[in-house]
Amino acid sequence: VQLQASGGGLVQTGGSLRLACVVSGRAGDMYAVGWFRQAPGKEREFVAAISWGGTKTHYSDSVKGRFTIVRDFAQNSVYLQMNSLKPEETAIYYCAARLTVSGVYYYTSHEYDYWGQGTEVTVSS
């Protein structure tokens, strides 16, 4: 499984960005996808996750109500829509995948087997 994250950039406080994660795997593989972020000098933290079927999602408390994770099977992609961004959310954002069964998501980094290269998000104050 290979992941390619994109969509990062510079945005003002209160602005929005949509991150994309293209997942390339073998036909028939089912995988849950998560987004994590790591700010300078801090540990990587969970942001959002989605099950294979896209019917189950989970968010960290800090982003709930502002971020939305969705998947588009036609594009083999998972998107993270981020609204009302805050300066403290400046970080490298990573997408990750784990082969799984339908209806399951994961929200700890050690549960994921495959990682993308990250995309940088900077929120200016």
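For the structure itself, look to the data block above.
Described in the following lines is the structure provided in the data block. Keep in mind the model is a prediction, meaning the values are calculated, not measured. (Residues numbered from 1 in each chain as written. Predicted model: local features only at pLDDT ≥ 70, side-chain atom pairs only at ≥ 80, totals over all residues. Heavy atoms only, no water.)

## Thoughts on the overall build of the protein chain
Argument step 1. Of regular secondary structure, the protein chain possesses zero helices and 11 strands.
Argument step 2. The C-alpha radius of gyration of the protein chain comes to 14 Å, within 12% of the 14 Å expected for a compact globule of 125 residues.
Argument step 3. For the protein chain, the spread of C-alpha atoms along the three principal axes comes to 45 × 25 × 25 Å.
Argument step 4. For the protein chain, the proportion of its 125 residues judged to be buried stands at 42%.
Argument step 5. Total accessible area on the protein chain stands at roughly 6400 Å², and carbon and sulfur atoms take up 47% of it.
Argument step 6. Charge centroids of the protein chain, computed over 11 positive and 10 negative side chains, lie 4 Å from each other. (Helix = DSSP H or I, 4+ residues; strand = E, 2+ residues; numbered from the N terminus. Rg over C-alpha atoms; globule rule 2.2 N^0.38 Å. Buried < 20%, exposed > 50% of the residue type's maximum accessible area, 1.4 Å probe, protein only. Areas by Shrake-Rupley, 256 points an atom, 1.4 Å probe, with all protein chains shown as cover. Lys, Arg positive; Asp, Glu negative; His and termini not counted. Charge placed at Lys NZ, Arg CZ, Asp CG, Glu CD.)

## Focus on the pairing of strand β1 (residues 2-6)
Argument step 1. Going residue by residue along β1, you find L3 and A5 tucked away on one face and Q2, Q4 and S6 left uncovered on the opposite face.
Argument step 2. Relative to strand β3 (residues 17-24), β1 is paired through five bridges, and the arrangement is antiparallel. Directly across from S6, in β3, lies its bridge partner A20. (Pairing = 2+ DSSP bridges.)

## Brief notes about unusual backbone geometry
Argument step 1. Its identity is not glycine, yet N76 carries a phi of approximately 50 degrees, on the positive side.
Argument step 2. In this fold, N76 is placed in the loop between β7 (67-72) and β8 (77-82).
Argument step 3. A positive phi is found at S84, a non-glycine position, where the angle reads about 50 degrees.
Argument step 4. Mapped onto the fold, S84 is located in the loop between β8 and β9 (91-99).

## Regarding the sheet that holds β7
Argument step 1. On the basis of which strands lie adjacent, the open sheet formed by four strands has the order β1-β3-β8-β7 and antiparallel pairing. Because the sheet does not close on itself, it has two edges, and the strands there are β1 and β7. Put simply, the sheet's adjacent strands are angled 15 degrees from each other on average, direction ignored. (Axes fitted to C-alpha atoms, helices over the stretch in contact; angles between N-to-C directions.)

## Comments concerning the nonpolar core
Argument step 1. In this structure, W35, V47, I69, L80, M82 and Y93 are the most contacted members of the largest nonpolar core, which totals 29 residues.
Argument step 2. Those residues in contact with V47, other than ones at most four positions away along the chain, are W35, F36, R37, H58, Y59, S60, V63, F67, L80 and Y93.
Argument step 3. Of all hydrophobic cores here, the second largest spans seven residues; its members include A32, F46, A96 and Y112. (Core = buried A, V, L, I, M, F, W, Y, C linked by side-chain atoms within 4.5 Å. Contact = heavy atoms within 4.5 Å.)

## A closer look at the environment of A49
Argument step 1. Mapped onto the elements, A49 comes out in strand β5 (residues 45-50).
Argument step 2. Look at A49 and you get buried, because its relative accessible area is 0%.
Argument step 3. The spatial distance from the C-alpha of A49 to the C-alpha of T68 is 9.6 Å, given a sequence separation of 19 residues.
Argument step 4. Each residue touching A49, except ones within four places of it in the same chain, is listed here: V33, G34, K56, T57, H58, I69, Y105, Y106 and Y112.

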